[in-house]
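Commentary on secondary and tertiary structure
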Amino acid sequence: MSNDESRSLQVTQMTWEAEGVLSLRLADPSGRPLPAWEPGAHLSLGLGGGLTREYSLCSRPDDRTGWAVAVLREPASRGGSAYVHERLRVGEIVTVTGPRNTFALEPASGYLLVAGGIGITPILAMARDLHARGANWRMLYAGRSRPRMAFVGELLALGADRVVLHEDDVAGGPPPLADLLADPDPGTLVYCCGPEAMIRSAEEALRGRGCLRIERFRAPEPSVPAGGDAPFDIVCARSDVRVTVPASTSALAALAASGIDVPSSCTEGICGTCEMKVLAGAVDHRDFLLSEDERAAGATMFVCVSRATGSEITLDV
């Protein structure tokens, strides 16, 4: 489910959920109900000065009176978390786009939810939903220490027998995902959101099984061919324009320079905002969203990071 509409919402509440984790409740200033959403969805928040950041919804999907997100104060903040923690205040108006969902729950006989740190935000919404449906679910929630782990009380209230808490400082290190995920039950889907090291461990443990679904809140270092990138042309079918993308420029930037405005946010291939339909040509996929099957189909391209494999690609723009 994707909604690219932007709206002005008011910050009606800010709550300390754990050390360094601040949640925001956002509501329509006139009291109008907000659009429905499903667990796994995220919002893009405009934080002033052209800064946009994505945050997973962690409130109840059936509560349309307001949306909630939680923000970790990053020591090496690129501006987003610092702005939220130090400057944003209750009563202020922010521009919000979404909800957009690239991490939706799929039908399965069972679910294993794996969260690390602030990755608990989309996983919390999933746990609430699965619990309400009476679904078969379990969770591993890992964090550096208990005081830094948000929403622990609510999760244990949902199902203390279903939730395993792993505190790195007590256990002497991160959870052994290779062992914990070595043999998932048939029909079980694994949903994982957390630091890159956790995601890579899950990918290695479940490689080839087709049961892992992941969401990153930060992209790993991009992979660039040994010989560097090659230039290519974008044929814009609806605009009747041909745009040349230099080797050192992203497709998104080249389109913008030619006067073709494409909605974007993360510019790292993790949020899905700049997705475009491919009409002809092959894509060098560099995003962190598409499955192997979706990449093979070649029907879509995230122009903030992906490129053409040949000299030309045609997009529906």
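Right, let's walk through the structure included here.

**Quick look at the overall build of the chain**
Summing up its helical and strand segments, the chain has eight helices and 18 strands in all. Overall, the chain is about 55 × 50 × 35 Å in size when its C-alpha atoms are taken along their principal axes. Expressed as a percentage of its 317 residues, the buried residues of the chain come to 49%. Pairs at least 24 residues apart make up 62% of the contacts formed inside the chain by residues separated by at least 6 positions. Per element, the accessible surface of the chain, about 14800 Å² overall, is 49% carbon and sulfur. When the 30 positive and 40 negative side-chain charges of the chain are each reduced to one mean point, those points stand 3 Å apart.

**Description of the side chain of Arg128**
Here Arg128 is to be found in helix H2 (residues 120–133). Once residues within four sequence positions are removed from consideration, Arg128 is found in contact with Cys58, Ser59, Arg60, Glu154 and Leu158.

**Here's the deal with a negative patch on the surface**
A surface patch of negative charge is lined by Glu275, Glu292, Asp293 and Glu294. Per element, the largest residue contribution to the negative patch is three residues, and it comes from helix H8 (residues 292–297). Tracing the backbone through its elements, the reader meets Glu292 in helix H8. Look at Glu292 and you get exposed, because its relative accessible area is 62%.

**Thoughts on the sheet that holds strand E12 (residues 232–236)**
Spatially, the five strands line up as an open sheet ordered E13-E12-E18-E14-E16, and their pairing is mixed. Two strands lie at the open edges of the sheet, namely strand E13 (241–245) and strand E16 (300–302), each paired on one side alone. Direction aside, the axes of adjacent strands within the sheet are offset by 40 degrees on average. Here two bridges tie strand E14 (residues 275–280) to strand E18 (residues 312–315), and the two strands are oriented antiparallel to one another. Along E18, the bridge assignment pairs Ala280 with Thr314.

**Re the sheet that holds strand E11 (residues 212–215)**
Strand order in the open sheet made by the five strands is E9-E8-E7-E10-E11, with parallel pairing throughout. Across the chains shown, the open sheet's two edge strands, defined by having one partner strand only, are strand E9 (163–167) and E11. Taken pair by pair, the neighbouring strands of this sheet meet at an average axis angle of 15 degrees, ignoring direction. Taken together, the six bridges between strand E7 (residues 110–116) and strand E10 (residues 188–193) define a ladder with parallel strand orientation. Bridging from a neighbouring strand, Val114 pairs with Cys192 of E10. Packing of helix H3 (residues 152–159) onto the sheet brings it into contact with strand E8 (137–143) and E9, and relative to E9 it is tilted by some 150 degrees. Here helix H6 (residues 196–205) sits on the sheet and contacts E7, E8, E10 and E11; the angle it forms with E11, its principal contact strand, is near 165 degrees.

**Brief notes about the packing of aromatic side chains**
For any pair of aromatic rings, the description consists of the separation of the ring centres together with the inter-plane angle of the planes. Taken as a whole and assessed by the stated rule, the structure comprises two aromatic pairs. Here Phe103 and Tyr191 contribute two aromatic rings whose centre-to-centre distance is 5.5 Å and whose plane-to-plane angle is 65 degrees, an arrangement assigned as edge-to-face. Linking Phe103 in the loop between strand E6 (93–100) and E7 with Tyr191 in strand E10, this pair joins segments that are 88 residues apart in sequence. Residue Phe103 is classed as buried on the basis of its relative accessible area of 2%. Assessed through its relative accessible area of 0%, Tyr191 is described here as buried. Between Tyr111 and Tyr191 the ring centres are 6.3 Å apart and the planes differ by 40 degrees, which places this aromatic pair in the tilted class. Here Tyr111, found in strand E7, pairs with Tyr191, found in strand E10; they are 80 residues apart in sequence, far enough to count as distant.

**Description of unusual backbone geometry**
Trans peptide bonds make up the majority, and among non-glycine residues the majority have a negative phi. Cis geometry is found at the peptide bond from Gly98 to Pro99, where omega equals 5 degrees. Topologically, Pro99 is positioned in strand E6. With phi around 55 degrees, Asp240 is a residue other than glycine that occupies positive phi space. Residue position: Asp240 is located in the loop between E12 and E13. Take Asp240: its relative accessible area is 72%, and that puts it in the exposed class.

**A few points about H6**
Those residues of H6 not exposed but buried are Glu196, Met198, Ile199, Ala202 and Ala205. Buried residues along H6 sit against E7, E8, helix H5 (177–180), E10 and E11.

**Here we look at the packing of H2 against H3**
Relative orientation and spacing of two packed helices are given, respectively, by the angle between their axes and the distance between those axes. Here H2 crosses H3 at 25 degrees, and the two axes come no closer than 10 Å. Comparing the axis directions of H2 and H3 gives the class roughly parallel. Here the hand of the crossing between H2 and H3 comes out left-handed. Facing H2, whose interface residues are Ile120, Leu124, Ala127, Arg128 and His131, H3 presents Glu154, Leu155 and Leu158.

Cut-offs used in this document
- Residues numbered from 1 in each chain as written.
- Predicted model: local features only at pLDDT ≥ 70, side-chain atom pairs only at ≥ 80, totals over all residues.
- Heavy atoms only, no water.
- Helix = DSSP H or I, 4+ residues; strand = E, 2+ residues; numbered from the N terminus.
- Buried < 20%, exposed > 50% of the residue type's maximum accessible area, 1.4 Å probe, protein only.
- Contact = heavy atoms within 4.5 Å.
- Areas by Shrake-Rupley, 256 points an atom, 1.4 Å probe, with all protein chains shown as cover.
- Lys, Arg positive; Asp, Glu negative; His and termini not counted.
- Charge placed at Lys NZ, Arg CZ, Asp CG, Glu CD.
- Patch = residues over 30% accessible without salt bridge, like charges linked within 9 Å, V, L, I, M, F, W, Y side chains within 5 Å.
- Salt bridge = Lys/Arg side-chain N within 4 Å of Asp/Glu carboxyl O.
- Pairing = 2+ DSSP bridges.
- Axes fitted to C-alpha atoms, helices over the stretch in contact; angles between N-to-C directions.
- Phe/Tyr/Trp six-rings, centres within 6.5 Å; stacked < 30°, edge-to-face > 60°.
- Parallel < 35°, antiparallel > 145°, perpendicular 65-115°, else oblique.
- Left-handed = near helix turned anticlockwise from the far one by under 90°.

So yeah, pure geometry; function would need other evidence.
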